[in-house]
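Notes for the structure review
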Amino acid sequence: MCGNNMSAPLPAVVPATRRATASVIFLHGLGDTGHGWAEVLSEFKSPHIKYVCPHAPLMPVTLNLRQMMPSWFDIIGLSPDASEDEDGIKRAAETVRGLIEQEIKAGIPSHRIVLAGFSQGGALSLYTALTSRHKLGGVVALSCWLPLRDSFTQSDGTHAGVPVLQCHGEADVLVPPLFGQLTADKLRSLLGPDAVTFKTYRGLGHSSTQEEMIDVKKFLETQVPDSN
């Protein structure tokens, strides 16, 4: 595990209700912990999937006046041309790669592992999936963007066709829907035009809804179906 997460507690886990044949690693947003999403996922879980919800380490966040809070990496600004914490993003991705390796060692093949996340966590999920040495089973990216997008000029083929479900609230003022659309366009250029599903939700701000979580569950059951 990467050093920036050594002090973080062990992830919240929603175990499969029978033998786990797939894993979802779900990364929370800025200022949150894994517990809240573990509760949400326990309501929409599928019996063959194990859900791992890690907790981000505490760090000062520039966007929030350097206040200490759970954060996967520093956020300097939210505009498309804002500076990015490249070193922090890469360190956080190493931490997530460590979690992927743990699931593989536990017997879950990489094509049965899905990275997922909300806001900053969704951004990290996308970045990690595109830089992983493994081809994963999919990505669920909620209300987020692709970090360090200019570093992805073309796909090396490793991740071609990896399915992505992107969801975004049409009333999101924190991460505007346009960011989501631009991210979807970029991902289609990297993964293939049919790899990305971009869904928007009328009236939804920077949060989630039952409708969205039902769509997430359907996506997971399609990409990592029950094989027991």
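On a predicted model such as this, the values are computed, not experimentally measured, just so you know.

Some words on the overall build of the chain
Across its full length, the chain carries five helices and nine strands. Shown N-terminal to C-terminal, the secondary structure of the chain runs as helices and strands in the order β-β-α-β-β-β-α-β-α-β-β-α-β-α. When its C-alpha atoms are laid out on the principal axes, the chain stretches across 45 × 40 × 35 Å. A burial count over the chain gives 52% of its 228 residues as buried. Here the analysis covers contacts within the chain between residues at least 6 apart in sequence; of these, 72% occur between residues at least 24 apart.

Section: the nonpolar core
In globular proteins that are soluble, nonpolar side chains generally tend to be buried together. One finds Ile-25, Leu-124, Leu-126 and Leu-187 to be the most contacted residues of the largest nonpolar core, which totals 43 residues. Elements with a contribution of two residues or more to this core: β2 (22–27), α2 (86–105), β6 (113–118), α3 (120–131), β7 (138–142), α4 (177–191) and β9 (196–201). Discounting residues that sit within four places of it in the chain, Ile-25 has contacts with Val-52, Pro-54, Leu-99, Ile-100, Glu-103, Ile-113, Val-114, Leu-115 and Ala-116. Listed in part, the 26 residues of the second largest apolar core include Tyr-51, Val-114, Phe-118 and Leu-165.

What about the confidence of the model for the chain?
When the pLDDT values of the chain are averaged, the result is 93; 95% of them are 70 or greater. In this model residues 1–6 is a low-confidence stretch, pLDDT under 50, and it forms 16 contacts with partners more than four residues away in sequence or in other chains.

A short note on α4
For α4, built from 15 residues, the straight-helix expectation of 21 Å at 1.5 Å per residue is met to within 8% by its first-to-last C-alpha distance of 21 Å. Buried residues belonging to α4 abut α3, β8 (164–169) and β9. After α4 finishes, the residue Gly-192 shows a positive phi value of roughly 120°.

Focus: empty space enclosed by the protein
Following the criterion strictly, the structure yields two cavities of 30 Å³ or more and no others. What lines the largest cavity is simply Leu-126, Ala-129, Leu-130, His-134, Leu-136, Val-139, His-159, Val-162, Val-164, Leu-187 and Leu-191. Contributing elements (two or more residues each) for the lining of the largest cavity: α3 and α4. Roughly 50 Å³ of volume is contained in the second largest cavity. In terms of lining residues, the second largest cavity is bounded by Leu-41, Phe-44, Ser-46, Tyr-51, Met-213, Val-216, Lys-217 and Leu-220. Of all the secondary-structure elements, those providing two or more residues to the lining of the second largest cavity are α1 (34–44) and α5 (210–223). In terms of residues, the lining of the second largest cavity owes the most to one element, α5, which gives four residues. Its residues assigned to classes, the lining of the second largest cavity comprises six nonpolar, one polar and one charged.

Comments concerning the pairing of strand β5 (residues 67–70)
Pairing of strand β4 (residues 58–61) with β5 involves four bridges; the strand directions are antiparallel. Of the residues in β5, the one forming a bridge with Leu-58 is Pro-70. Hairpin connection, β4 to β5: the antiparallel pair is bridged by five residues, and Leu-65 has positive phi, about 60°.

Some remarks on the pattern of salt bridges
The full count for this structure, using the stated rule, is eight salt bridges. Arg-18 serves as the salt-bridge partner of Asp-226, at 1.9 Å between the closest nitrogen and oxygen. Of the two residues, Asp-226 is situated in the segment after α5 and Arg-18 in the loop between β1 (12–14) and β2; the sequence distance between them amounts to 208 residues. Judged by relative accessible area, which is 36%, Asp-226 ranks as partly exposed. Here Asp-215 ties to Lys-199 by a salt bridge, and the two come within 3.3 Å at their closest N and O atoms. With a gap of 16 residues between them, Asp-215 in helix α5 and Lys-199 in strand β9 connect regions that are remote in the sequence. Take Asp-215: its relative accessible area is 13%, and that puts it in the buried class.

The rules behind the values
- Residues numbered from 1 in each chain as written.
- Predicted model: local features only at pLDDT ≥ 70, side-chain atom pairs only at ≥ 80, totals over all residues.
- Heavy atoms only, no water.
- Helix = DSSP H or I, 4+ residues; strand = E, 2+ residues; numbered from the N terminus.
- Buried < 20%, exposed > 50% of the residue type's maximum accessible area, 1.4 Å probe, protein only.
- Contact = heavy atoms within 4.5 Å.
- Core = buried A, V, L, I, M, F, W, Y, C linked by side-chain atoms within 4.5 Å.
- pLDDT = per-residue confidence, 0-100.
- Expected span 1.5 Å × (residues − 1).
- 1 Å grid on protein atoms, 1.4 Å probe; cavity = no way out; pocket = protein on both sides within 12 Å on 5 of 7 lines; lining within 4 Å.
- Points joined across faces, edges and corners; volume = space filled by probe spheres on them.
- Nonpolar A, V, L, I, M, F, W, Y, C, P; charged D, E, K, R; others polar.
- Pairing = 2+ DSSP bridges.
- Salt bridge = Lys/Arg side-chain N within 4 Å of Asp/Glu carboxyl O.

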